Amino acid sequence: MERGKVDALLGIVFGDEGKGKVVDVFTPKYDVVARFAGGPNAGHTIIFEGKKFVLRSIPSGIFDEGKLNIIGNGCVIAPDLFMAEAKELETAGYDLRSRLHISKRAHLILPTHRVLDRAYEAAKGKSKVGTTGKGIGPTYSEKAARTSLRVGDILENFQAKYEALKARHEQMLRDLNYTDYDITEEEKLWLEGIEYMRTFPLTDTEIEINKYLREGKNVLAEGAQGTMLDIDHGTYPYVSSSSTICGGVCTGLGVAPLSIGEVFGIFKAYSTRVGAGPFPVELFDETGDKIREIGHEYGAVTGRNRRCGWVDLVALKYAIMINGVTQLIMMKGDVLDTFETIRVCVAYEKDGVTTTDMPYETEGWKAVYKDLPGWQTDLTGITRKEDFPEAFASYIKYLEKELETPITIVSVGPDRAQTIEM
Ligand code: GDP
Ligand code: IMO
Ligand code: MG
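None of the values given here were measured: they were computed from a predicted structure.

Peer 1: Got a minute to help me understand the overall build of the protein in this structure?
Peer 2: Helices and strands together make up the secondary structure of the protein, namely eleven helices and 19 strands. For the protein, the C-alpha radius of gyration of 21 Å lies close to 22 Å, the compact-globule estimate for 422 residues. Its C-alpha atoms give the protein principal-axis dimensions of roughly 65 × 55 × 40 Å. Counting over 422 residues, the protein shows a buried share of 57%. Look at the contacts in the protein between residues 6 or more apart in sequence, and 77% of them connect residues 24 or more apart. Between the centroid of the 51 positive side chains of the protein and the centroid of its 62 negative side chains there is a distance of 3 Å.

Set out below in structure tokens:
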């Protein structure tokens, strides 16, 4: 029997590209959907039949009742937030326990990790990362330092292990002079979340996934964050702390590189970034405000304003290279429906130097633009590519040519139904 494949669906810019929506649309074609990185810093929005869900740790394949969903070893998980998220789905009528497996090797985010996240940010002063405050950095740091707790630790002598790590964190916080915090209520919920998690299959997900692949079943790996937030290849230090790229699929699920099939790179028809860090295409004028307003560009996790700008070919080319993207998916074209001119960043410029390669130091570069005509047509009701206005079809063609990669899906609205195959 032919082995199954792991297709990857990856955000290739600064996150919030619409991964949740497309994973939900793609799920019927797969047997398993798995998250391989990140944790509740993610906010993946899915809208169908008048219902809206924002998922943080649970894969976006969960709405297809027949499919197994996996939270892989590369993820970090906060038991209290997981419980709240899962209960919301249970209340909405979705049965989770039979089809949501959690890796024993995923790492646990403690309440004190979240306090440490705040403490580190406070200590950074002006160079704050603008994290989501979910304890992501401190948890991945401890994973690398080999002092962390994993989901599998829940199964044996957990309370003692928890108390020991918490005490260590409290000492770290005293060392940072960060003592004005109270986790009493949070800790109660968190420990309740641990008990709740015990009722789920906590498994060796890497063995499960490879068994499925041997049986010829196919897996969709759902990315979180985006390539420019990757710990190695993003705009360091203004990044998240996990491997968000295609290589992260292998380490974060325990699958071999040759198992990877298609690599879908998802991006928006414009750019956004939430949190601090360089963003050469950022618009500080009313055009930026207009994109934010029409695109509802406010953080799904923190409610913060997302910074907005035009599409960035330098970043996209870099991400396509790093991930080996085989197909592109362009989201939110409809947000630009009313713009007379559409700008595209084709290069960065600083001190008379122009580059089309992502620079090591991304601070201080300015975007160089090419202008294209806007389509000034409502795209939201269009269901076939043949009906695209000419200027929109040209925009797609231009991007495909510049990026040397086909755009195979175009999304023209948040609903499942507003998704067009090319
Ligand atoms: P993710 O983190 O990559 O899953 O993306 P988010 O859910 O954080 O942000 C994407 C936002 O855009 C959500 O509010 C979606 O409902 C919405 N969305 C997705 N696709 C489209 C689209 O094609 N057009 C519009 N207008 N909104 C979209
Ligand atoms: P999804 O999966 C957009 C950003 C934060 C901050 C930086 C580090 O929904 O696309 P962290 O809390 O991870 O330590 O924050 O990364 N960030 C995201 N931005 N979408 C996300 O996830 C993000 N997850 C983290 O704003 O700048
Ligand atoms: Mg998001």
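Back to the write-up after that little detour.
Peer 1: I would appreciate a short explanation of the site of ligand 2 in the present structure.
Peer 2: As a structural note, the neighbourhood of ligand 2 is formed by 21 residues, with Asp16, Lys19, His44, Thr132 and Ser240 the closest of them. Side-chain polar atom of His44 to an oxygen atom of ligand 2: 2.7 Å apart, as the coordinates give it. Between Gly130 and ligand 2, the recorded distance is 3.4 Å, taken from a backbone N or O atom to an oxygen atom. Surface burial for ligand 2 is 98%, taken as the share of its 550 Å² of free accessible area covered by protein chains.

Peer 1: I'm lost on helix α2 (residues 79-91) in this one. Help?
Peer 2: The α-helix advances 3.6 residues per turn, and as a result positions three or four apart in sequence lie on the same side. Here α2 spans 18 Å end to end across 13 residues, near enough to the 18 Å set by a 1.5 Å rise per residue. When α2 is considered as a whole, its buried residues turn out to be Pro79, Asp80, Phe82, Met83, Glu85, Ala86 and Leu89. Immediately beyond the C-terminal end of α2, within one or two residues, lies Gly93, with a positive phi of roughly 100 degrees.

Peer 1: Looking at this structure, I do not really get the pattern of salt bridges. What am I missing?
Peer 2: By the definition in use, this model includes 27 salt bridges. For Arg306, the salt bridge is made with Glu297, and the minimal N-O distance between the two is 2.7 Å. Just as Arg306 is buried, Glu297 falls in that class too. Among the ionic contacts, a cluster of salt bridges with common partners joins Asp16, Lys268, Glu297, Arg306 and Lys332.

Peer 1: Would you mind going over the side chain of Thr408 with me for this structure?
Peer 2: Take Thr408: it is sitting in strand β18 (residues 407-411). Here Gln327 takes part through its side chain, which lies 2.7 Å from a polar atom of the side chain of Thr408. With residues near it in sequence (within four places) discarded, Thr408 still touches Gln327, Leu328, Ile420, Glu421 and Met422.

Peer 1: I would appreciate a short explanation of the site of ligand 1 in the present structure.
Peer 2: With respect to spatial proximity, 19 residues lie near ligand 1, and among them Gly18, Lys19, Thr45, Asp334 and Ser411 are the closest. Measuring from an oxygen atom of ligand 1, one finds a side-chain N or O atom of Ser411 at 2.5 Å. For ligand 1, an oxygen atom lies 3.0 Å from a polar atom in the backbone of Gly413. In the complex, the protein chains occlude 92% of the 590 Å² of accessible area that ligand 1 would expose alone. Among the elements of the structure, α1 (19-26) and β3 (44-48) are those that each provide at least two residues to the shell around ligand 1. Its residues assigned to classes, the shell around ligand 1 shows five nonpolar, seven polar and seven charged.

Peer 1: Would you take a moment to explain the nonpolar core for this structure?
Peer 2: What tends to happen in soluble globular proteins is that the nonpolar side chains get buried as a cluster. Of all hydrophobic cores here, the largest spans 72 residues; its most connected members are Ile12, Val249, Phe267, Met330, Leu336, Tyr395 and Leu399. Those residues in contact with Leu336, other than ones at most four positions away along the chain, are Ala269, Tyr270, Ile291, Trp310, Ile342 and Trp375. Counting 33 residues, the second largest nonpolar core, distinct from the first, contains Ile58, Met83, Phe158 and Leu165.

Peer 1: Mind showing me how you'd approach the packing of aromatic side chains here?
Peer 2: Aromatic rings considered in pairs are described by the distance between their centres and by the relative angle of their planes. Under the counting rule described, the total for this entry stands at 17 aromatic pairs. Where Phe82 meets Tyr196, the ring centres are 6.1 Å apart and the plane angle is 55 degrees; that geometry is what we call tilted. Of this pair, Phe82 sits in helix α2 while Tyr196 sits in helix α6 (residues 184-198), placing them 114 residues apart in sequence. Residue class for Phe82 comes out buried when judged on its relative accessible area of 1%. A relative accessible area of 9% means that Tyr196 is categorised as buried.

Peer 1: When you look at the coordination of the magnesium ion (ligand 3) in this model, what are you seeing that I'm missing?
Peer 2: Protein coordination at the magnesium ion (ligand 3) comes from Asp16 (OD) and Gly43 (O), with a distance range of 2.0 to 2.2 Å. Residue Asp16 is found in the loop between β1 (6-11) and α1, and its partner Gly43 is found in the loop between β2 (32-35) and β3; the two are separated by 27 residues along the sequence.

Peer 1: Honestly, the sheet that holds β2 in this entry has me stumped. Any pointers?
Peer 2: What links the strands of a sheet is backbone hydrogen bonding, and the strands pair in either a parallel or an antiparallel sense. Taken in spatial order, the ten strands of this open sheet run β9-β7-β5-β2-β10-β1-β11-β14-β18-β19, and their pairing is mixed. In this open sheet, the two edge strands, each paired with only one partner strand, are β9 (202-203) and β19 (419-421).

The rules we used
Residues numbered from 1 in each chain as written. Chains lettered and ligands numbered in written order. Predicted model: local features only at pLDDT ≥ 70, side-chain atom pairs only at ≥ 80, totals over all residues. Heavy atoms only, no water. Helix = DSSP H or I, 4+ residues; strand = E, 2+ residues; numbered from the N terminus. Rg over C-alpha atoms; globule rule 2.2 N^0.38 Å. Buried < 20%, exposed > 50% of the residue type's maximum accessible area, 1.4 Å probe, protein only. Contact = heavy atoms within 4.5 Å. Lys, Arg positive; Asp, Glu negative; His and termini not counted. Charge placed at Lys NZ, Arg CZ, Asp CG, Glu CD. Near = heavy atom within 4 Å. Polar contact = N/O pair within 3.5 Å; in protein donor to acceptor, adjacent residues only side chain to side chain. Areas by Shrake-Rupley, 256 points an atom, 1.4 Å probe, with all protein chains shown as cover. Expected span 1.5 Å × (residues − 1). Salt bridge = Lys/Arg side-chain N within 4 Å of Asp/Glu carboxyl O. Nonpolar A, V, L, I, M, F, W, Y, C, P; charged D, E, K, R; others polar. Core = buried A, V, L, I, M, F, W, Y, C linked by side-chain atoms within 4.5 Å. Phe/Tyr/Trp six-rings, centres within 6.5 Å; stacked < 30°, edge-to-face > 60°. Donors = N, O, S within 2.8 Å, 3.2 Å for Na, K, Ca; no water. Pairing = 2+ DSSP bridges.

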